[in-house]
Amino acid sequence: MPNVNINTDRLWLYPRHFHLPQLIDDLDLLQTLTDPKGPMTEAAVNAVGHKIDEVCMAAMFGTRKTGETGATDSAFTPSTSTNQVAVTIGNGGSGNVGLNVEKLL
């Protein structure tokens, strides 16, 4: 059996903290406690969801930290040989067939 060397770089994840600047007075707080699906709670949930989407989209093609100590920066390199799948995969190479199982694998 031939020797197979695979990439075993460690990927690092650093937590980030965000604050929700929402002004709530005592009356608002009392209403929130009695109605967990109220407009203030829904606004807070929507704001957190929007921030999560924003962070994920920025990280999609951003630089990542790799290596044993997380000190190495690895940039996303768009390349047809490593990160992109040809549109002709799954139909014998004759035109775009859309998303199929072969492209996902």
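Computed from a predicted structure; not experimentally measured.

Rules behind the numbers
Residue indices follow the written sequence of each chain, beginning from 1 at its first position. Selection of residues for local features in this predicted model requires a pLDDT of at least 70, selection of side-chain atom pairs for listing and counting requires 80 or more, and totals for whole chains, interfaces and linings are taken over all residues. Where side-chain values are given, they derive from all heavy atoms of the structure, hydrogens and water being excluded. In this analysis, the protein atoms alone were mapped onto a 1 Å grid. Cavities are point sets where a 1.4 Å probe fits without being able to get out; pockets are open sets with protein on both sides within 12 Å along at least five of seven lines; lining residues have an atom within 4 Å of a point. Grid points are joined across faces, edges and corners, and a volume is the space filled by probe spheres set on the points. The helix and strand labels rest on DSSP assignments: H or I over at least four residues marks a helix, E over at least two residues marks a strand, and numbering proceeds from the N terminus. Residues are grouped as follows: Ala, Val, Leu, Ile, Met, Phe, Trp, Tyr, Cys and Pro are nonpolar; Asp, Glu, Lys and Arg are charged; all remaining types, including Gly, are polar. Only protein chains enter the calculation, and the probe is 1.4 Å; a residue is then buried if its accessible area is under 20% of its type maximum, exposed if over 50%, and partly exposed in between.

Enquirer: Honestly, the layout of surface pockets in this entry has me stumped. Any pointers?
Expert: It is the rolling of a water-molecule-sized probe over the atoms that shows where space remains empty. Its volume calculated, the largest pocket comes out at about 420 Å³. Around the largest pocket, the lining is made up of 13 residues, and of these Leu13, Tyr14, Arg16, Val55 and Ala59 lie nearest the centre. Among the secondary structure elements, those contributing two or more residues to the lining of the largest pocket are helix 2 (39–60) and strand 1 (64–66). The element contributing the most residues to the lining of the largest pocket is helix 2, with 3 residues. Roughly 180 Å³ of volume is contained in the second largest pocket. If you go around the second largest pocket, the residues you meet are Phe18, His19, Leu20, Pro21, Ala47, Val48, Lys51, Ile52 and Val55. Its residues placed into classes, the lining of the second largest pocket shows 7 nonpolar, 1 polar and 1 charged.

Enquirer: In this structure, what is going on with the side chain of Thr66? I would like to understand it.
Expert: Looking at the element boundaries, Thr66 is found in strand 1. Look at Thr66 and you get buried, because its relative accessible area is 3%.

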